[in-house]
Amino acid sequence: MSLTSDQPVALTTKPGPARDSQPPLDPAEARLALRNAEQALLDDRRLLTADELAVLARVPDQSVPSLAALAHEVRLAWCGPEVEVEGILSVKTGGCPEDCHFCSQSSAFDTPVKATPFLDTDEVLAAARETAAVGASEFCIVLAVRGPDERTMQRLLDLVPIVRDETGLNIAVSAGILTDEQARRLAEGGVHRYNHNLETARSFFPQVVTTHTWEERLDTCSLVRHYGMELCCGALLGMGESVDQRIELLTQLQDLDPTEVPVNFLNPRPGTPLGEAQVTGALDAIRWIALFRLALPSVILRYAGGREITLRELQALGMTSGINALIVGNYLTTLGRSPEDDLQMLADLKMPIGALSHVI
Amino acid sequence: MAASDPPPTHATPEHCVSCGRLASECPGCGRELDPPHFCATCGTRLAVLVKPTGWRGRCKVHGEVAASDR
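Residues numbered from 1 in each chain as written. Chains lettered and ligands numbered in written order. Predicted model: local features only at pLDDT ≥ 70, side-chain atom pairs only at ≥ 80, totals over all residues.

Asks: For the confidence of the model for chain A, give the residues involved together with the corresponding values.
Replies: Within chain A, residue pLDDT values average 94, and 94% of them lie at 70 or more. Low pLDDT, under 50, characterises residues 1-15 of chain A; the predicted model gives this stretch 28 contacts beyond four residues in sequence or across chains. (pLDDT = per-residue confidence, 0-100. Contact = placed C-beta atoms within 7 Å.)

If you want it as structure tokens, here you go:
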């Protein structure tokens, strides 16, 4: 952010629904599409096709609660009632050489985030203990890097067993693009789950990242699975992608078959190219949470960044639209809801907290 | 100051904690879910540690200047 600018950063919160090439279904068409999806997912127990998902994406706004209700039923049938709670910590913040247009930690953009070095082990342990104390079963160690260098690898391989053994938490890592050898060493070093998001559809990716390719991300995801770590592979909605591109991403995630999919909504960051983007509307967010569940019935579908500004007081609605996991507390550089509020929400919804893994 | 008095605070911050400009030149650009990123006293960019259950901001001149346990 320029300190000499005369203008403050201005953001709009006007909802910006994804562009759609097709008109909405009429109510009778919507009911038929929902019945067909119910048959496929609950009776036949098969995945929906891209064409079926594209039809469901066109249900009118008044049918979104029905879409959400089906997604909740599918989640219960395929995954059960448990909700997985996770905390995340940025252990190396800012200074990233990549130019992901949504990210305040890229050195390509002038943002308020100051780069800081790898945290001390004691600081990471303290954060992990606090996360365990609020009932989490998963703790993700996140670094703003293109990929880990050897020094970072050594720090991670030292840190993971310490944090796991001291807290009893499952340890996830997010450290960017991996080589074959790095993926093997992290798996052997006790990393339970590795996060590497596709973020968006292959066809849209070059519009938001130019320093690496979607295929490079896919390669790392494949390595994670090859070496036996659980794959956490998320999406970021609201960057200007179309409805068709969201469907494209869903089918790409179906092919990849990750254990977990965190669903993020863009929280426009000052100083980034997407800093002035419109925030996703609440009803659109519920529609797409439900569609993610219907496309990926067995996955751990996690509430992640941007839910506070997108859904505001409708957090519980997401939990009954297909979500079965959440990031508790703060995010990497921004703040979230209080853990107590989220835990109370789960108690109110009678959703037990537990560690999850892939169903199929 | 009596022993029971609260510690002194910056009643009128000199700098906006979200953009670092002089407070008199910023009409208010802070947002609810962002921690402070600049020192209210000198406008220096803070090293901010955000944890799941709290955050703190450290100024290289003034030390820890902002923190929350949530």
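We are not done yet, so read on.
Asks: Can you tell me about the interface of chain A and chain B, naming the residues and giving the values?
Replies: A common way to report how large an interface is uses the accessible area buried once the components associate. Across the boundary between the two partners, chain A contributes 27 residues, which contact 21 residues of chain B. Of all the secondary structure elements, the ones that give two or more residues to the side of chain A that touches chain B are strand S1 (84-92), helix H4 (121-133) and helix H10 (307-311) of chain A. The element that contributes the greatest number of residues to the side of chain A that touches chain B is S1 of chain A, accounting for 4 residues. Among the residues forming the side of chain A that touches chain B, the class breakdown is 15 nonpolar, 9 polar and 3 charged. (Helix = DSSP H or I, 4+ residues; strand = E, 2+ residues; numbered from the N terminus. Nonpolar A, V, L, I, M, F, W, Y, C, P; charged D, E, K, R; others polar.)

Asks: Lay out the sheet that holds strand S1 (residues 47-51) of chain B in plain terms, naming residues and giving numbers.
Replies: All names here are of chain B. Reading across the sheet, the 3 strands line up as S1-S2-S3 and stay open at both edges, with antiparallel pairing between neighbours. Each end of this open sheet is capped by a strand with a single partner; those strands are S1 and strand S3 (63-68). Between one strand axis and the next, the sheet turns by 15 degrees as a mean value, whatever way the strands run. Bridge count between strand S2 (residues 54-59) and S3: 5 bridges; the pairing is antiparallel. Counted as the bridge partner of Trp 55 is Ser 68 from S3. (Pairing = 2+ DSSP bridges. Axes fitted to C-alpha atoms, helices over the stretch in contact; angles between N-to-C directions.)

Asks: Report on the pairing of S1 of chain A, specifying residues and quantitative values.
Replies: Residue and element names in this part refer to chain A. S1 sits mainly inside the fold: 9 of its 9 residues count as buried. As paired strands, S1 and strand S9 (residues 325-327) are joined by 3 bridges and run parallel to one another. Pairing of Glu 86 across the sheet is with Ile 327, part of S9. Pairing of S1 with strand S2 (residues 138-143), which is carried by 6 bridges, proceeds in the parallel orientation. Bridging across to S2, Ile 88 finds its partner in Cys 140. (Buried ≥ 20, exposed ≤ 12 C-beta atoms within 10 Å, placed from the backbone.)

Asks: Give me the packing of helix H8 (residues 243-256) of chain A against helix H9 (residues 282-295) of chain A: which residues, what numbers.
Replies: Residues and elements named next belong to chain A. Packing of H8 against H9 brings their axes to within 10 Å, and their N-to-C directions diverge by 35 degrees. The hand of the H8/H9 crossing is right-handed. On H9, the residues touching Arg 246, Leu 250 and Gln 254 of H8 are Trp 288, Leu 291, Phe 292 and Ala 295. Classifying every residue of the contact of H8 with H9 by side-chain character gives 5 nonpolar, 1 polar and 1 charged. (Left-handed = near helix turned anticlockwise from the far one by under 90°.)

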